[in-house]
Each structure stands twice: as structure tokens, then as C-alpha cells.
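Below are the chains, spelled out letter by letter.
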Amino acid sequence: MYGFSLSAIPAQPDFIEALKSPVEPWAWPGIAPFGSLQTRPTPTLPDTFAYKPSSNAYVENLITNGARILIDNEKDLNALDARIGDGDAGSTFAEASRIILKNIARLPLASPQELCETLGRLLARNAGGSSGVLLSIMFATAGQKKGWRDGLAAGLERMQKYGGASLGDRTMLDALIPAVTALQAGSLQQAAKAAREGADATRAMSAKAGRAAYVPQDQLQNIPDPGAEAIARLLEGLSKLS
């Protein structure tokens, strides 16, 4: 992926002379002295917990058990991701789950709209990896809608806009999209079934987005996308509770 590196070396005369010398690589820009420093105040971020905590036993049970499911699957998902990616998919989901469990007493559980917005902010500041960022976008967008069903649908749309992936690209969206679609008029069990079918379908897909897009196609055969597998395992575990 694109990026940059920063190196620090002593400002010794021979180093400076060498850095100023002509070189053959066309991309070397040479060196220039620092100009005068300018500082700007950091914008104040919105409060993560902008709403008063509230209780809902059913929602709390779902969140608590869902977090534990992802934590329990951390090693399995990491091992799966190691075959086609960075090997940290399980840790990304598990760490986000630990953060949510740690702060569950501060969540507005009685309001789906406020809960989604709070989860979005919580994930934005604490969840790692592209999955954490994209899930943060989904929940933050969902928090702008009064109905949680409409919210999740809008969140998925925004997630696709910023992430650049869509159904069939071999990402967690292949489990999320059918699951959220099933939830619009169905049950958690139907959502789990749809997520499992979507995750299993990624075994035969060509990767068009995410880290797997850089992996040779023959190495992806019969291996599900780790993000989609995480969503499927999460919903399958939750569907057994109700």
C-alpha cells in the first residue's frame, strides 16, 4: 500500500556533504533546510461518550456475548488471515471487542441511534486496521438514522463509498451485506444464515479489494475471507442466544 518513511540521522558535516552530492536516482529530491515552524491548534474531537448511559438487558446480552465470540475466535481468525493477509484480522476484531466490553457501562444501550453513534466513535479511536475504520464508519453513519434497520443500511452504503469494495469483491461485505439485508425483514437466525452463505462464497471469489488482492489467486482457493468469516461466526453465535 502507499505510505512514507521517516529517518533521523546525525547532522554531521560528512553526512550533509554526501546528501548534497549529485546522485543518479531521478527520484531523489535532494535536501533543503527547514523553514520557520508554524503551529496550529488541534481541532477538538467530539466526546466519545456524548450520551448518558442507559440500560437494556437484551442489547447488553447481545453485545457482551458478541464480544466474547470474537475474542474466542481471535487465534483462529489470525491463523486464517496469515494464509492470505497480515495475520491480524482476529486481533483487530478481538481488540475492538475488549474496548467495547471495557466501556459497556458507559453505553446508551436503550437508544439504538445513540448506541450506534457511540460505537462508531469508540471504534474510530480504538479499533485498528482497515476493518476497524470501516466498521466505525458504518456505525457512525447508522447513528444518524432513527431506525436501526435504516441506519445499518445507510452505514453499509457509506462503508462501501469510503472503502471502495462492494459485494463480490471478497471482503467482509460479502457477509455483512446479505446479513443486514436479511435483518431488514427477518430474524437474527436468518441473518446468520445469510452471513454464513456469504462468507462461504468468498472461498471461490477473486479478491478485488483488501490485502488479499495482492495475493496470487491460487493461494486464495478454498480459503474464506477472514473478515467475512468473523461476521459469520459472530452472527451464528448470537443467533443461538435467541
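Quick summary incoming for the structure in this document. Keep in mind that what you see is a predicted model, and the values were worked out from it rather than measured.

### Re the side chain of Thr92
Part 1 of the reasoning: Following the sequence through the fold, Thr92 ends up in helix α4 (residues 89–102).
Part 2 of the reasoning: What makes Thr92 buried here is its relative accessible area of 13%.
Part 3 of the reasoning: When near neighbours in sequence (up to four residues on either side) are disregarded, Thr92 contacts Gly128, Ser131 and Gly132.

### What to know about unusual backbone geometry
Part 1 of the reasoning: You will see that Arg170, though not glycine, has its phi angle at about 70 degrees, which is positive.
Part 2 of the reasoning: Overall, Arg170 belongs to the buried group, its relative accessible area being 0%.

### Concerning the packing of helix α2 (residues 57–72) against helix α10 (residues 226–239)
Part 1 of the reasoning: Where α2 meets α10, the closest approach of the two axes is 9 Å, and the angle between their N-to-C directions is 135 degrees. Taken as axis vectors, α2 and α10 run oblique relative to one another. α2 and α10 meet at a crossing whose hand is right-handed. The residues of α10 that touch α2, namely those facing Leu62, Asn65, Gly66, Ile69 and Leu70, are Ala230, Arg233, Leu234, Gly237 and Leu238.

### Description of the pattern of salt bridges
Pairing is possible between side chains of opposite charge, provided their charged atoms come close.
Part 1 of the reasoning: Applying the stated criterion across every chain yields a total of 9 salt bridges.
Part 2 of the reasoning: Where Glu95 meets Arg98, a salt bridge forms, and the shortest distance between an N and an O atom there is 3.6 Å. Of this pair, Glu95 and Arg98 both sit in helix α4, 3 residues apart, which is roughly one turn of the helix.
Part 3 of the reasoning: On the accessibility criterion, Glu95 (37% relative accessible area) is partly exposed.
Part 4 of the reasoning: By sharing partners, the salt bridges in this structure join Asp76, Arg196, Asp200, Glu229, Arg233 and Glu236 into a single network.

Conventions and cut-offs
- Residues numbered from 1 in each chain as written.
- Predicted model: local features only at pLDDT ≥ 70, side-chain atom pairs only at ≥ 80, totals over all residues.
- Heavy atoms only, no water.
- Helix = DSSP H or I, 4+ residues; strand = E, 2+ residues; numbered from the N terminus.
- Buried < 20%, exposed > 50% of the residue type's maximum accessible area, 1.4 Å probe, protein only.
- Contact = heavy atoms within 4.5 Å.
- Axes fitted to C-alpha atoms, helices over the stretch in contact; angles between N-to-C directions.
- Parallel < 35°, antiparallel > 145°, perpendicular 65-115°, else oblique.
- Left-handed = near helix turned anticlockwise from the far one by under 90°.
- Salt bridge = Lys/Arg side-chain N within 4 Å of Asp/Glu carboxyl O.

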